[in-house]
Each structure stands twice: as structure tokens, then as C-alpha cells.
Amino acid sequence: MQSIIRFIYKSFKIVCFWFVPFILLAGGSKADFETSSLRDGTCSFDIEGKMSFHLDGIATFENSIEEDKFCNTTEKLLLRFVTCDDAQLQTLEFIIASKTKGNYGVQSGTYSVQNIDRLMKSFSGVFGFADMGGLSELPFFVKSGNIIIADSYANMIDGRLEVQLENTKGEALYINGSFNAEIKV
């Protein structure tokens, strides 16, 4: 009887200390970025609002460094998304400003939209706008959300954005999607 209890106890220890951690580690962490399915220099966004539609386009970026009179530097990343459809040109632009220095400009991470109550020259965060062609005569400006930079290299940036934009009439657009931007030449 004691040998059966010892066998069950040892089996239980093996399951708890070897098999369960193996199962937990085997699942790994799954990234929710869908950028690997995008071609270089493209973006894919779902847009919801007054009208809901899908936008595929060209994605480019520019890095710059601005220095103020006190020698404080700010890394700036300009992301530009333009539709491939010549009949109805639609443009999205986002500026990400960061005080931390990276190897290739703005580092990987999550950047939140900041309320701008001063000049844009010294802000840190995300600012953006959209000119949606046939959707509205008024431009839309970013109100809330995040831009997630998954990978940042000298000539390519992979990421995802989830933002809300609004125009002066109070019409809102919700944009969610992935991008794989190439450096602007």
C-alpha cells in the first residue's frame, strides 16, 4: 500500500514540476502584430465612423532630431500613410516625439496621444491628422489612442496603431491596423 502511495506521490511531483511548466512554456507568448503578413512599405487599416471601410496603402517614415536653445534633443518620427487609389487620395500622418535616444531614431514601444496645449516644437508624444478625401471636407485630428512600434531599424519600422480622430464638427474616425513603413527617399 505504501509503495502505491509513493508511486502516486512521485508521479504527481513529476507532473507538477516537469510536465506543467513544459506545457506553460510551450505556448509561448504570441504577439498580436500582424505586420509579418504585410509587404515592405505598406499599411492595412480598418476605419470605422460615419462610413466603415478598409484602407490599404503605402507607408513611409522620416527620422529627424530637433535641438532647442538649451541643447535638449528630441527624436521625431514622421509616419505617412497614403492610399494606393489615385481616384480618391487619402492621407494619414503621425508625428511621434521622444526625448529618449534610440539606435535608429524613435525606439520600439507604445506611444500615446498627448493633448497639445502649447507649441508643438517641444512636445513629447503622438500628434496626427488625416485628410480623408471624399469622406469629409474637414481634416481629422488625433484625439486618443496609441501607436505601437514593434521593430525599429534604420530603413524599416513595423508597428500597429489604434487611434481615434475627430474633426471640428465632432465626427469621429476609429483607425486600427498594422504597418510596415520604409524610409522615405
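For the structure, see preceding data.
These notes cover the structure that comes with them. (Residues numbered from 1 in each chain as written. Predicted model: local features only at pLDDT ≥ 70, side-chain atom pairs only at ≥ 80, totals over all residues. Heavy atoms only, no water.)

A closer look at the environment of Y153
For step 1, the next point in the chain: Locating Y153 in the fold gives a position in the loop between β7 (140-152) and β8 (156-166).
For step 2, the next point in the chain: Along the sequence, Y153 and Q107 sit 46 residues apart, while their C-alpha atoms lie 9.0 Å from each other. (Helix = DSSP H or I, 4+ residues; strand = E, 2+ residues; numbered from the N terminus.)

Observations regarding the nonpolar core
As a rule of thumb, soluble globular proteins bury nonpolar side chains together.
For step 1, the next point in the chain: Within the largest apolar cluster, 31 residues are counted, with the highest numbers of intra-cluster contacts made by F45, L79, F81, F94, I147 and F179.
For step 2, the next point in the chain: If you list the elements that add at least two residues to this core, you get β1 (42-48), β2 (53-67), β3 (73-83), β4 (91-98), β6 (125-131), β7, β8 and β9 (172-183).
For step 3, the next point in the chain: Residues in contact with F81, not counting those within four places in the same chain, are C43, F45, I58, A59, Q90, T91, L92, F94, L161 and F179. (Core = buried A, V, L, I, M, F, W, Y, C linked by side-chain atoms within 4.5 Å. Buried < 20%, exposed > 50% of the residue type's maximum accessible area, 1.4 Å probe, protein only. Contact = heavy atoms within 4.5 Å.)

Considerations on the pattern of salt bridges
Where charged atoms of side chains with opposite charge meet at close range, the side chains can pair.
For step 1, the next point in the chain: For the structure on display, the rule yields six salt bridges.
For step 2, the next point in the chain: For K184, the salt bridge is made with E62, and the minimal N-O distance between the two is 3.8 Å. Here E62 lies in strand β2 and K184 lies in the segment after β9, a separation of 122 residues in the sequence.
For step 3, the next point in the chain: On the accessibility criterion, K184 (42% relative accessible area) is partly exposed.
For step 4, the next point in the chain: Given a relative accessible area of 34%, E62 falls into the partly exposed group.
For step 5, the next point in the chain: In this structure, the salt-bridge partner of R160 is E162, at a minimum N-O distance of 3.6 Å.
For step 6, the next point in the chain: One salt-bridge network, held together by shared partners, links E62, R80, E93 and K184. (Salt bridge = Lys/Arg side-chain N within 4 Å of Asp/Glu carboxyl O.)

Quick word on the packing of aromatic side chains
For step 1, the next point in the chain: Overall, the coordinates contain four aromatic pairs when judged by the stated rule.
For step 2, the next point in the chain: Ring centres 5.0 Å apart and planes at 85 degrees place the aromatic pair F45 and F81 in the edge-to-face group. One end of the pair, F45, is in strand β1; the other, F81, is in strand β3, with 36 residues separating them in the sequence. Comparing F45 with F81 shows no difference in burial state: the two are buried.
For step 3, the next point in the chain: Pairwise contacts between aromatic rings join F45, F81, F94 and F179 into one cluster. (Phe/Tyr/Trp six-rings, centres within 6.5 Å; stacked < 30°, edge-to-face > 60°.)

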